[in-house]
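Per-entry structural report
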Amino acid sequence: MTQTYDLIVIGEGITGLTAANHAARQGLAVATFEAELFGGLVINVNELDGYPEDRVTSGTDLASELMQANAEAGVASIQEEVTSIRAGGGAFEVATAGRSYGARQVVVASGARLKKLGIPGEDEFEGRGVSRCADCDAPLFQNEEVVVVGGGDSALQEALVLAKFCRKVRLIHRGDRFRAQRHLAEQVGADPRISNMWNTTVEAILGGKMVEKVRVKHAGDGKTEEIACAGVFAYVGLAPNTAVVPSGIARDERGYLVTNDAFETSIAGIWSVGAVRARYSGLLRDAVVEAKRVAEAVRNRLALD
Ligand code: NAP
């Protein structure tokens, strides 16, 4: 085994970085693991909504600040993909492709990823009109018409970003009301460049070299229609990143990790916070609260051992 830490945190999103920081500042030896770029889900958000409360900042800037703070607090940042977490002998073995590390406690903060629509054309036109990042790609659609699919916070937030650049943004929602926070729905309602299409699903993305249109179906009369657009942005929810989590850990019916109120999973010593956890609110400020509380709980557990 390469090295043993008091705490290994899986995931360098805002939640994992915050948990690691608080644990390290309480004197624990901590390592964070990340297979991709640090920052997690918010990395593509140019203006974070509601957190931090005292200023407007981007996901990249917030994550960079946390990485810096963690380096100063002595957290080891390990850029390796975790392949398994195994319990044994009162501790855990966290394995990556080439090495294994010891951990007295593990916090799973592996977050979630954007779900796909799963319709024809989605993969084919990826990068040719189909985008997963409105904040990055909106300027490419200057004065164009685009489609955003979904009715949650992400869809509305990203429609507002796109409306700063595009001539027209069609927000296509399968339901008849948004599930997004009210302040986002109000901003969308007040934006003359955004129009809503209710009770409508997107069936296919069509085009030649680039996206040219989508085929939609209206639930009311069952009719289909083609809508011209240069871009398609689907924000239809998230799927939890749980591939490396031991199969014995309890999950809810959607695959999110179940924890008790102290954020401990069904395996003692493995904790979970943020977007991978069942009953997470979805708000960044709550993820940060969870992260701080789990660090406290882990420290208390180790102090008792
Ligand atoms: P979400 O809240 O799960 O919303 C997904 C939306 O997509 C829903 O409106 C859903 O419709 C629709 N949908 C799901 N599957 C679909 C399909 N196959 N075809 C068409 N539409 C489909 O997901 P999210 O907006 O990504 O948000 C995820 C979490 O992050 C939430 O907890 C959210 O609050 C949080 N978040 C917060 C902020 C913020 O604080 N500003 C920003 C982004 C995200 P139905 O409504 O009919 O189910």
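Please refer to the structure placed before this passage.
First, a word on scope: everything that follows refers to the structure included in this document. (Residues numbered from 1 in each chain as written. Predicted model: local features only at pLDDT ≥ 70, side-chain atom pairs only at ≥ 80, totals over all residues. Heavy atoms only, no water.)

1. Comments concerning the layout of surface pockets
Note the cut-off: Lining residues are those with an atom within 4 Å of a point, where the points come from a 1 Å grid over the protein atoms alone and group into cavities, where a 1.4 Å probe fits but cannot get out, or pockets, open sets with protein on both sides within 12 Å along at least five of seven lines. Grid points are joined across faces, edges and corners, and a volume is the space filled by probe spheres set on the points. By definition, any uninterrupted DSSP run of H or I lasting at least four residues is a helix, any uninterrupted run of E lasting at least two residues is a strand, and each is numbered from the N terminus. What counts as a domain boundary in this text is fixed by an automatic or database domain assignment.
Estimated volume of the second largest pocket: approximately 330 Å³. Broken down by secondary-structure element, the contributors of at least two residues to the lining of the second largest pocket are helix 4 (153-163) and helix 5 (182-190). Among the elements that take part in the lining of the second largest pocket, helix 4 stands out by supplying 4 residues, more than any other. Mapping the lining of the second largest pocket onto the domain boundaries places at least three of its residues in each of domain 1 (3-114 + 238-304) and domain 2 (130-234).

2. What to know about the site of the ligand
In plain terms, the rule: Proximity is defined per residue: if any heavy atom of the residue lies within 4 Å of a molecule or strand, that residue is considered near it. Within 3.5 Å is the distance limit for a polar contact, defined as a pair of N or O atoms, with the added protein rule that one can donate a hydrogen and the other accept it, and that residues adjacent in sequence qualify only through two side-chain atoms. Each accessible area value is a Shrake-Rupley result obtained with a 1.4 Å probe; residue values ignore everything except the protein chains displayed when judging cover.
Surrounding the ligand, one finds 19 residues, the nearest of these being Asp 49, Asp 153, Ser 154, Arg 174 and Arg 179. Note that an oxygen atom of the ligand is positioned 2.6 Å from one of the side-chain N or O atoms of Arg 179. For the ligand, whose unbound accessible area comes to 920 Å², protein coverage reaches 76%. For the shell around the ligand, the leading source of residues is helix 4, giving 3 residues.

3. Section: the state of the cysteines
Selection rule: When the sulfur atoms of two cysteines come within 2.5 Å, that pair is taken as a disulfide. Residue exposure (1.4 Å probe, protein chains only): buried if accessible area is under 20% of the type maximum, exposed if over 50%, otherwise partly exposed.
A full pass over the atoms with the stated rule returns 1 disulfide. Disulfide pairing places Cys 133 opposite Cys 136 at an S-S distance of 1.9 Å. An S-S torsion of about 80° defines the bridge between Cys 133 and Cys 136 as right-handed. By relative accessible area, which is 7% here, Cys 133 ends up buried. The partly exposed category is assigned to Cys 136, whose relative accessible area is 41%. No disulfide involves Cys 229; its sulfur sits 11 Å from that of Cys 166, the nearest cysteine.

4. Things to note about the sheet that holds strand 11 (residues 194-197)
The cut-off we apply is this: Two strands qualify as a pair provided DSSP detects at least 2 bridges between them.
Reading across from one edge, 8-15-9-10-11 is the order of the 5 strands in this open sheet, with parallel pairing throughout. Each edge of the open sheet is held by one strand with a lone partner, namely strand 8 (130-131) and strand 11. Relative to strand 11, strand 10 (residues 168-172) runs parallel, the two sharing 4 bridges. The partner of Leu 171 across the bridge, within strand 11, is Asn 196.

5. Examining the packing of helix 1 (residues 14-25) against helix 2 (residues 59-73)
Basically, it comes down to this: To obtain each axis, a line is fitted to C-alpha atoms, and for helices this fit is confined to the stretch in contact; angles are then taken between N-to-C directions over 0 to 180 degrees. Put simply, angles under 35 degrees are roughly parallel, angles over 145 are roughly antiparallel, angles from 65 to 115 are roughly perpendicular, and the rest are oblique. What makes a crossing left-handed is the near helix being turned counterclockwise from the far one by less than a right angle; a clockwise turn instead makes it right-handed. Only heavy atoms matter for contacts: two residues are in contact if any of them lie within 4.5 Å across the pair. Any residue that is not Ala, Val, Leu, Ile, Met, Phe, Trp, Tyr, Cys, Pro, Asp, Glu, Lys or Arg is counted as polar, Gly included; the first ten are nonpolar and the last four charged.
Between helix 1 and helix 2, whose axes approach to 9 Å, the crossing angle comes to 25°. The angle between helix 1 and helix 2 falls in the class roughly parallel. With respect to the hand of their crossing, helix 1 and helix 2 are arranged in left-handed fashion. Listed contacts from helix 2 to Ile 14, Leu 17, Thr 18, Ala 20, Asn 21, Ala 24 and Arg 25 of helix 1 are Leu 62, Ala 63, Leu 66, Met 67, Ala 69, Asn 70 and Ala 73. For the contact of helix 1 with helix 2, the class distribution of residues is 10 nonpolar, 3 polar and 1 charged.

All quantities given are derived from atomic positions and should not be read as evidence of function.
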